[in-house]
Structure formats: structure tokens, C-alpha cells
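# Survey of secondary and tertiary structure
This is what each chain is made of:
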Amino acid sequence: MSCRRSTGGTLAETEAITASVAAHLILPLGSWQPYLTAGIGVMDAEVTDTRSLGGVAQDETELVGRFGGGFDFYFTEHIVGRASIDYYIPGDKLHELDYVSFGAGIQYRF
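Residues numbered from 1 in each chain as written. Predicted model: local features only at pLDDT ≥ 70, side-chain atom pairs only at ≥ 80, totals over all residues. Heavy atoms only, no water.

To describe a pair of aromatic rings, one takes the distance between the centres and the angle between the planes. The full count for this structure, using the stated rule, is 5 aromatic pairs. Relative to tyrosine 99, the ring of tyrosine 88 has its centre 4.7 Å away and its plane inclined at 10°; by these criteria the two rings are stacked. Pair noted here: tyrosine 88 is in strand β5 (residues 79-90) and tyrosine 99 is in strand β6 (residues 99-108), with a separation of 11 residues, a long-range link. Aromatic side chains tyrosine 108 and phenylalanine 110 sit 5.4 Å apart centroid to centroid with 85° between the ring planes, which places their arrangement in the edge-to-face category. In textbook terms, an aromatic cluster arises when at least three aromatic residues are bridged by ring pairs, as seen for Trp32, Phe71, Phe73 and Phe75. (Phe/Tyr/Trp six-rings, centres within 6.5 Å; stacked < 30°, edge-to-face > 60°. Helix = DSSP H or I, 4+ residues; strand = E, 2+ residues; numbered from the N terminus.)

Following this line, the structure appears as C-alpha cells:
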């Protein structure tokens, strides 16, 4: 992710990785199963100031909260379609790096 000035130059570059665990609260409605998600994890981010000679890097690690929801749709007993949206809120030092994640896919469940 890069942050740009209005003149088109890069102010800083950010590289971040997030890992989390979450619980689902499922509402079983037959083939449709909507759910809510809440969890906690950790985010590690390195921000490099590209305006400085040689680029000054700062590395921070913070707890991150995860909240969201989605639904599963059972096409058959084993084939499931899924769509989800999650909002990640990092702690104090990385509070400006909150983001939304969208996902969709097909799963085979045994």
C-alpha cells in the first residue's frame, strides 16, 4: 500500500500482515446460513518514509479486533458457497491502518 502526495510523489510505503482467530454465530435457515463474526489477532506493519535518504523504516506490532459477517449457501450436502465481509481495527500505534476485507468462494465439506 502506498500513500501519495497531490504532486504524485510517494510519501511512504506500508507492508502489513494480519493473523486472527474468530468465532461465528450461525443462524441456520436451511440452505442459507447467515453468520456474524468476532475475533482477535495481531497485525505487524512496516512503514517506510520514502522521502528520507535511504528510507527510514518503522516496524510496529499491535493487537487487532475483527468484526464482520456473511453467509453460507449449501448447494448440496458437501458443496457450499460463501460470501463474507470483515472489518479489522488495529490497536493504538497502527490505528490508521484499519481496513475492510471481502471474500467469496466455493468449498467442499466432508
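Past the structure itself, the notes keep going.
Right, let's talk about a nonpolar patch on the surface for a bit. Together, Phe67, Ile85, Tyr87, Ile89, Val100 and Phe102 give the surface a local cluster of nonpolar side chains, amounting to about 570 Å² of exposed area. At the level of elements, β5 and β6 are the ones that each hand at least two residues to the nonpolar patch. Looking at which element gives the most residues to the nonpolar patch, the answer is β5, with 3 residues. Inspection of the secondary structure assignment puts tyrosine 87 in strand β5. We classify tyrosine 87 as partly exposed; its relative accessible area is 33%. (Patch = residues over 30% accessible without salt bridge, like charges linked within 9 Å, V, L, I, M, F, W, Y side chains within 5 Å. Areas by Shrake-Rupley, 256 points an atom, 1.4 Å probe, with all protein chains shown as cover. Salt bridge = Lys/Arg side-chain N within 4 Å of Asp/Glu carboxyl O. Buried < 20%, exposed > 50% of the residue type's maximum accessible area, 1.4 Å probe, protein only.)

Here the largest pocket defines a volume of roughly 250 Å³. What lines the largest pocket is a set of 11 residues, and nearest its centre among them are Val47, Lys93, Leu94, Glu96 and Leu97. Those elements that place two or more of their residues in the lining of the largest pocket are β3 (32-49) and β4 (56-74). For the lining of the largest pocket, the per-class residue count stands at 5 nonpolar, 2 polar and 4 charged. (1 Å grid on protein atoms, 1.4 Å probe; cavity = no way out; pocket = protein on both sides within 12 Å on 5 of 7 lines; lining within 4 Å. Points joined across faces, edges and corners; volume = space filled by probe spheres on them. Nonpolar A, V, L, I, M, F, W, Y, C, P; charged D, E, K, R; others polar.)

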